[in-house]
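Breakdown of the fold
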Amino acid sequence: MSKTLRAALIGAGAIAVNGHIPAYQQAEGVEIAAICDVNSDRVAKVAAEIGIPGAFTDYKDMLATVKPDLVSVCSPNALHCAMACDALEAGAHVICEKPMCLTYADAERMLATAKAAGRTLTIGHHMRYQPATVKAHEMIQQGALGQVYYVKASYLRRSGIPGYGSWFTNRDLAGGGAMMDIGCHMLDLSLWLMGHPKPVSVSASTYAKFGPLAKGLGSWGDDHFGAGSRFDVDDLTTAFVRFADGSTLTIEASWATHGSQGQNLQIFGTEGGLELNANLFGAETPLRYFGEGPSGLCDEAVPLDGVSSRGHRALIPDWVEAIRAGKPPIIQPEHGALVVQIIEAAYKSAVVGAEIAL
């Protein structure tokens, strides 16, 4: 057995920690050595409840004292870059929660820091580990769809604004709203299934019709404040992306809207198509294949072959295994950087009211 790896988490107040903690507990040969949060009462409470020996309010002190092998950055988005770079330079392998950071320039800094430190950096785009998305990717890799030329993706909540008045709805700390928070999941899935083509332009529009009125609030996030609290991000964004290979992507994300909610992912290929929609097709068979056979057009449920791995509980053990094997991370940091590049361009496009060339 290889040596036990010591993990440390930054951001006890981030709901994402709830995914990281059980994932580390499940990973073989890993112990959680410390957790950090600026809220001293909260970090002490979490450490006591979980049985984590170290509780810190200064992450730099934690890095210097604990010298962890693995670090999870689960802080507000604006802090991801600095914290991840500090952890990498301290000698830790880092998993940074999504979105990777706020700007493509910061993403490039993180990539360069990981390379210089000789450490692994990965991003928490855990929705790749859903059974249906694993199967969809497998089918595309096997050529079942032919050439994928268009993807339409949406993640819509009817009433799900997180942490109202907290960093979630503060542009300086979050960088954006619905597209930055949940749209990044669908964007990562889309790019992964498309084979990460090079984006060349983005056109987008953003809306904030519910948040400023304190409507459409959800339970997600630890901190919530009253009506009139700061909300200067989007509660709905729609974007259109063109790629160098001629393929295109339409993506939309909402925290609050008068319409049906859920996730929908449509993948159009020259030889077939896939649609992932649990609301439409049912939770047991959420993925359907559309194609053409000897007897004409076909539309059939795709069996998921007993795939059960989900979320961080699959992502983090896979990442740890890759580190032990000296392999690149499963979710490469360049993939996270591409997501950031497109979202940054989408917000710029919405401001200027025109397409942004990349």
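Structure first, text after, so check above.
Rules behind the numbers
Residues numbered from 1 in each chain as written. Predicted model: local features only at pLDDT ≥ 70, side-chain atom pairs only at ≥ 80, totals over all residues. Heavy atoms only, no water. Core = buried A, V, L, I, M, F, W, Y, C linked by side-chain atoms within 4.5 Å. Buried < 20%, exposed > 50% of the residue type's maximum accessible area, 1.4 Å probe, protein only. Helix = DSSP H or I, 4+ residues; strand = E, 2+ residues; numbered from the N terminus. Contact = heavy atoms within 4.5 Å. Pairing = 2+ DSSP bridges. Axes fitted to C-alpha atoms, helices over the stretch in contact; angles between N-to-C directions. Polar contact = N/O pair within 3.5 Å; in protein donor to acceptor, adjacent residues only side chain to side chain. Parallel < 35°, antiparallel > 145°, perpendicular 65-115°, else oblique. Nonpolar A, V, L, I, M, F, W, Y, C, P; charged D, E, K, R; others polar. Expected span 1.5 Å × (residues − 1). Arc of directions from axis to C-beta. Salt bridge = Lys/Arg side-chain N within 4 Å of Asp/Glu carboxyl O. 1 Å grid on protein atoms, 1.4 Å probe; cavity = no way out; pocket = protein on both sides within 12 Å on 5 of 7 lines; lining within 4 Å. Points joined across faces, edges and corners; volume = space filled by probe spheres on them.

1. A short note on the nonpolar core
If you look at the biggest cluster of nonpolar residues, it comprises 54 residues, and the most contacted ones within it are L265, I267 and L274. Here the element with the most residues in this core is helix α8 (residues 178-194); it accounts for twelve residues. Ignoring any residue separated from it by four or fewer positions in sequence, one finds L265 in contact with V151, K152, A153, M186, L189, S190, L193, L274, E275 and L276. Within the second largest apolar cluster, 30 residues are counted, among which are I10, L63, V66 and C85.

2. Side note on the sheet that holds strand β15 (residues 356-357)
The strand order across the open sheet built from nine strands is β14-β13-β12-β11-β7-β10-β9-β8-β15, with neighbouring strands paired in mixed fashion. Edge strands, defined here as strands with exactly one partner in the open sheet, are β14 (296-301) and β15. With eight bridges joining them, strand β8 (residues 199-207) and strand β9 (residues 236-243) adopt antiparallel strand pairing. By the bridge assignment for β9, S201 is matched with R242. Here α8 sits on the sheet and contacts β7 (148-156), β9, β10 (248-254) and β11 (262-269); the angle it forms with β10, its principal contact strand, is near 155 degrees. Contacts from helix α11 (residues 333-352) reach β8, β9 and β15 within the one sheet, and its direction differs from that of β8 by about 55 degrees.

3. Points about the side chain of S247
With respect to the helices and strands, the residue S247 is situated in the loop between β9 and β10. Under the relative-accessibility criterion, S247 is labelled buried at 3%. At a separation of 2.6 Å, a polar atom in the side chain of S247 contacts the side chain of D245.

4. Focus: the packing of helix α6 (residues 131-141) against α8
Running from amino to carboxyl end, α6 crosses α8 at an angle of 25 degrees, the nearest separation of the two axes being 9 Å. In terms of orientation, α6 lies roughly parallel with respect to α8. Where α6 approaches α8, its residues T133, V134, A136, H137 and I140 are matched on the opposing element by L189, W192 and L193. Here the residues of the contact of α6 with α8 are counted per class, giving six nonpolar, two polar and no charged.

5. Digging into the sheet that holds strand β1 (residues 5-10)
The strand order across the open sheet formed by six strands is β3-β2-β1-β4-β5-β6, and the pairing between neighbours is parallel. With one partner strand each, in any of the chains shown, β3 (54-56) and β6 (121-123) form the two edges of the open sheet. Adjacent strand axes in the sheet meet at a mean angle of 20 degrees when their direction is disregarded. Pairing of β1 with strand β4 (residues 70-73) involves four bridges; the strand directions are parallel. Across the sheet, the residue bridging to I10 is V73, located in β4.

6. Brief notes about the environment of K115
Inspection of the secondary structure puts K115 in helix α5 (residues 104-117). Residue K115 is classed as exposed on the basis of its relative accessible area of 75%. Sequence separation between K115 and L88 is 27 residues, and the spatial gap between their C-alpha atoms is 9.3 Å.

7. Structural notes on α5
In an α-helix there are 3.6 residues to a turn, and that puts residues three or four apart on one side. Here α5 is 14 residues long and its end C-alpha atoms lie 20 Å apart, about the 20 Å a rise of 1.5 Å per residue gives. Inspection of α5 places A107, M110, T113 and A114 among the buried residues, and these make up the whole buried set. All buried residues of α5 fall inside an arc of 125 degrees around its axis, so they share one side. Residues of α5 that are exposed and angled more than 90 degrees away from the buried face: A105, K115 and A116. Considering only its buried residues, α5 is in contact with α4 (80-89), β5 (93-96), β6 and α11. Within two residues after α5, G118 carries a phi angle of roughly 65 degrees, on the positive side.

8. Re helix α1 (residues 17-26)
Where burial is concerned, most of α1 is hidden: seven out of the ten residues are buried. Within the span of α1, buried status applies to V17, G19, H20, I21, P22, A23 and Y24. On its buried side, α1 packs onto β1, β2 (30-36), α2 (40-50), β4, β5 and α10 (311-325).

9. What to know about the pattern of salt bridges
Counted under the stated rule, the structure contains twelve salt bridges. Among the salt bridges present, the one from K348 reaches E344, with a minimum N-O distance of 3.8 Å. Taken together, the positions of K348 and E344, both in helix α11 and four residues apart, correspond to about one turn of that helix. When salt bridges with common partners are traced through the structure, they connect D172, R230 and D232 into a single cluster.

10. Some remarks on empty space enclosed by the protein
Per the counting criterion, the structure on display carries one cavity of 30 Å³ or more. Reported here for the largest cavity is a volume of approximately 40 Å³. Q130, T133, M186, L189, Q263, N264, L265 and L276 together form the lining of the largest cavity. Elements that contribute at least two residues to the lining of the largest cavity include exactly α8 and β11. Of all the elements, β11 adds the most residues to the lining of the largest cavity, at three residues.

By themselves, these are just geometric observations and shouldn't be taken as functional.
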